[in-house]
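# Secondary and tertiary structure notes
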Amino acid sequence: MEGCRQGCGRRPVSDERPLSTVLAPWRDDRRGRSRPRHTSRVGDVRRDTGPSPVRRPPAEHGSSDDERDLPVATWYANLTLIDGTGAAPKDGVSVRIDDDGTIGAIEHGAVEAADGVDVVDCAGTFLTPGLIDAHSHLGLASEIDASMRLDVSVAETARDIFVACSDALDAGFTTIRDVGGLEGAVPDLISRGRLRGPRVLTSGPVQCQTGGHGQMGPLWEPSDLFDSHEILGLRTTAMLGDGPDAIRRNVRETFRRGADLIKMCVTGGVITVGTDPRDTQLTIPEIRAAVEEAEARHTYVTVHAHNNAGVRAAVEAGVKCVEHGSEIDAEVADLMAANDVALVPTLAPREILRERMRRIKENAGHGSDAYLAQFALAESLVAGMQEVIPIARKAGVLIGLGADITGPRQKERAMELVLRAAVEDPMAALVSATRDNARICRLDDRIGTVEVGKIADLCLWSRSPVEDVNVFTDTEQLALVLQGGMPVAGTRVEQAGVIGRVQPA
Ligand SMILES: [Zn+2]
């Protein structure tokens, strides 16, 4: 194909961040994997061309290997494209991934293998953008109650975090926005290729007031001792600050330790015993101090907020995103839309908290009454979020999607798409989880839709997830996950991971 030959060379990607930062997560992992003989199909075997050259990650371009042996592009051909924009699925589409890890071309109709250009026949499969979870807590991946009473060792905490990172990729999540707990050292480990996982943006520790949501410790404990809960370089659930200067100092410290954005709690929360979701927390000057520090670094503040008084204060202070937003009415939704403030509803915690309540009831130990009274509020808050979604849509608020999983069920974050689809529809859930979450992550120039020039973070499904939304939670249906163009997960990853050059006729 003429267009293919012209476009499939190595071309630089204009990008503010170096590609090695954006694309590197799989780097060492790929290098260390043994490679069986390859075929050129994700599905059935079409031809076998012997041992395959390894397509190198973009970070290593121009380094050492003989470039003549390397394929410069791969067509994923004859698939159904669900591009993440909300457009109707299109059959018979081929998507070319170039060796810089970006999408080089999208064509209708047949494509052919050529010198240096592979073709993978993907007939019967469905291509979507890689999923994004805009509200995760990878740092809280251990059994949460045991973890908060310091009954989980640092070793086990680290193990659970690392497994959760890996599991996210296996579930099709190629990007995660972590909003509370995860220290910057963990995303750094991933971006340097030392840990398997998705691209992770993190807020680092949550900014909260003394006694605010996020200070998850025993109520007898003096707040001055709360800092001892910190696991250096791994997890700090919250930083306490009172007054704009204290908040400013904590925010600066949080950025220094690798945060990409700032998360604050401006109302009480469900899982912090002793706080009430109907109360407001932090003052407008305190929130504004954080906003100033974030904007100075060209990023933003998002807030945990259940009630409208908290949302109003946060919008006035200049935040750009609201998590949960359980009570938002038409007036507040209009205010958010007018100020370009996004919303990330979180529906999955109801299921997570129900399970946690069952466990606490069974054990019925010391303090269980206080937990159960606290969690009883969760039901009505989540029910509120379901009603908020159509109100926010009508006002034109940008709506993302966040699973807000705390505890060991990190594998199940895709359940948020199923729950969202029940409120809207599967396509709306997918667009929120891809294009709109990319906008909230401020990465929409690079990821979130299947478009030429974007990074090839993609999922290939064996069945259509917009026809049956439960496909999103069934990893048996997830044939392939591509991260920066490299196959990293999926039932067919071994076949796809060894795509070789197909000699021209
Ligand atoms: Zn959360």
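Residues numbered from 1 in each chain as written. Predicted model: local features only at pLDDT ≥ 70, side-chain atom pairs only at ≥ 80, totals over all residues.

Looking now at the overall build of the protein. Scanning the protein from terminus to terminus reveals 15 helices and 17 strands. Residue burial in the protein is summarised as follows: out of 505 residues, 55% are buried. (Helix = DSSP H or I, 4+ residues; strand = E, 2+ residues; numbered from the N terminus. Buried ≥ 20, exposed ≤ 12 C-beta atoms within 10 Å, placed from the backbone.)

Looking at the protein as a whole, the pLDDT averages 84, with 83% of positions reaching at least 70. Confidence drops under a pLDDT of 50 for residues 1–68, and excluding neighbours within four residues, the segment shows 132 contacts in the predicted structure. Long-range and interchain partners of residues 497–505, a stretch whose pLDDT sits below 50, account for 33 contacts in this model, where long-range means more than four residues apart. (pLDDT = per-residue confidence, 0-100. Contact = placed C-beta atoms within 7 Å.)

Here we take up the nonpolar core. If you look at the biggest cluster of nonpolar residues, it comprises 134 residues, and the most contacted ones within it are Leu127, Met264, Ile287, Ala290, Ala314 and Val319. Looking at this core, the element that brings in the most residues is helix α14 (residues 426–440), giving 7 residues. Each of domain 1 (2–129 + 448–496) and domain 2 (131–440) contributes no fewer than three residues to this core. Residues contacting alanine 314, with those up to four places away along its chain left out, are Val266, Ile287, Val303, Ala305, Val319 and Val322. (Core = buried A, V, L, I, M, F, W, Y, C linked by C-beta atoms within 7 Å. Domains from an automatic or database assignment.)

Our next topic: the pairing of strand β7 (residues 173–178). Taking burial as the measure, the 6 residues of β7 include 6 buried ones, the bulk of the element. Here strand β6 (residues 131–136) pairs with β7 via 4 bridges, running parallel. For serine 136, the partnering residue across the bridge sits in β7 and is aspartate 178. Sheet topology note: the β7/strand β8 (residues 199–202) ladder contains 4 bridges and is parallel. When the sheet's bridge partners are listed, arginine 177 is paired in β8 with leucine 201. Following the backbone out of β7, through helix α6 (residues 185–191) and into the adjacent parallel β8, one traces a crossover that is right-handed. (Pairing = 2+ DSSP bridges. Right-handed = clockwise from strand over helix to strand, strands pointing away.)

Right, let's get into the environment of leucine 189. Along the polypeptide, leucine 189 turns up in helix α6. Dropping the residues within four chain positions of it, leucine 189 is found in contact with Arg194 and Leu195.

To continue, consider helix α8 (residues 284–296). With 13 residues, α8 extends 18 Å between its outermost C-alpha atoms, agreeing within 8% with the 18 Å of an ideal straight helix rising 1.5 Å per residue. Looking only at α8, the buried set comprises Glu286, Ile287, Arg288, Ala289, Ala290, Val291, Glu293 and Ala294. Tucked into the core, α8 has its buried residues touching β9 (206–208), α7 (244–256), β11 (262–265), β12 (301–305) and α9 (308–317). Where α8 terminates, the next one or two residues include histidine 298, which has phi positive at roughly 60°. (Expected span 1.5 Å × (residues − 1).)

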